[in-house]
Structure formats: C-alpha cells, structure tokens
Amino acid sequence: MATIEECRAALEKLSDNMQTAEGDVRTAAALDRSVSCRITDLDITFVGRMTGGRIVVQDTIQGPPREKAEIRLTMKGDDLVAMVNGELNFAKAWGSGRVKLEAGLRDLFQLRKLL
C-alpha cells in the first residue's frame, strides 16, 4: 500500500509533468480550479488548487474533503502512484471504476486532454 508521502510525491510529479506540457495539454493544465484527491485506502484527502499549470497541494486532511472541490479525484494510493508512473492507464482505470473523476462538463472536456 502506498504511503502518504508516496502519494504526495506522485501528485508533485504529476504537477511537474503538467508544468512542462505543451499544446492542448498545456491549455488544459492552465485551468484555475479547486482540486481534491481522496485516497480511500489511507482515508486522507489532498486539497489544493490547479493554477498556473500546476497542482498546488495546500493541505492534507483526514477523511473525505470538507468542501466540494471543482475537480475531484478518488482512488487508492497504489493506483495514483501507478498512473503517474505510467503503469496504469487513466482511461482504463476510470472505465473500470478504480479511479473516479468528478468535475463540471466543461472541465471534463478540458481534462481529457491531460489524461
């Protein structure tokens, strides 16, 4: 099972990847939205903001998020680490229910370029 530190590192790596993206991916990464990433097996949620082409984690809280973020991810820690490392395909994980992504329709269309 991935640790909190490994999950935080995976989010930082995802943020770094977004920062260096180009074209449509860079446009999608430029959204300015509140973000939460719930790690179910650790019973924690990373909360922050997608801004300036990065994900900035502002806090780690125990349990589910207190407020509903504009972009919400839910998954196990191992799945987050595997996705960021290229070992798990997001579309397949999402289609099988291993990963849950919730956002407004317009944001979903933009985010699909990232994922």
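Computed from a predicted structure; not experimentally measured. (Residues numbered from 1 in each chain as written. Predicted model: local features only at pLDDT ≥ 70, side-chain atom pairs only at ≥ 80, totals over all residues. Heavy atoms only, no water.)

*Asks:* Which parts of the structure should I look at to understand unusual backbone geometry?
*Replies:* A negative phi angle is the norm for most residues apart from glycine, just as the trans form is the norm for most peptide bonds. Of note, the phi angle at Asp43 is positive, near 55°, even though the residue is not glycine. Secondary-structure assignment places Asp43 in the loop between strand 1 (33-39) and strand 2 (44-51). (Helix = DSSP H or I, 4+ residues; strand = E, 2+ residues; numbered from the N terminus.)

*Asks:* Whenever I open this one, the layout of surface pockets confuses me. Can you help?
*Replies:* The probe, sized like a water molecule, is rolled over the atoms to show the empty space still left. Computed from the structure, the second largest pocket encloses a volume of approximately 170 Å³. Mapped onto the lining of the second largest pocket, the elements with two or more residues apiece are strand 1, strand 2 and strand 3 (54-62). Counting residues per element, the lining of the second largest pocket draws most heavily on strand 1, which supplies three residues. In terms of residue class, the lining of the second largest pocket is built from five nonpolar, three polar and four charged. (1 Å grid on protein atoms, 1.4 Å probe; cavity = no way out; pocket = protein on both sides within 12 Å on 5 of 7 lines; lining within 4 Å. Points joined across faces, edges and corners; volume = space filled by probe spheres on them. Nonpolar A, V, L, I, M, F, W, Y, C, P; charged D, E, K, R; others polar.)

*Asks:* Just checking my understanding: could you explain the side chain of Asp79 for this structure?
*Replies:* If you trace the backbone, Asp79 turns up in helix 3 (residues 77-84). Not counting chain neighbours up to four residues away, the residues in contact with Asp79 comprise Leu88 and Arg98. (Contact = heavy atoms within 4.5 Å.)

*Asks:* How do you make sense of the side chain of Thr45 when you look at a structure like this?
*Replies:* The residue Thr45 is located in strand 2 in this model. Exposure remark for Thr45: the relative accessible area of 0% places this residue in the buried category. Sequence-distant contacts of Thr45, defined by excluding residues within four places in its chain, comprise Ser36, Cys37, Arg38, Asp59, Thr60, Ile61, Gly63, Pro64 and Pro65. (Buried < 20%, exposed > 50% of the residue type's maximum accessible area, 1.4 Å probe, protein only.)

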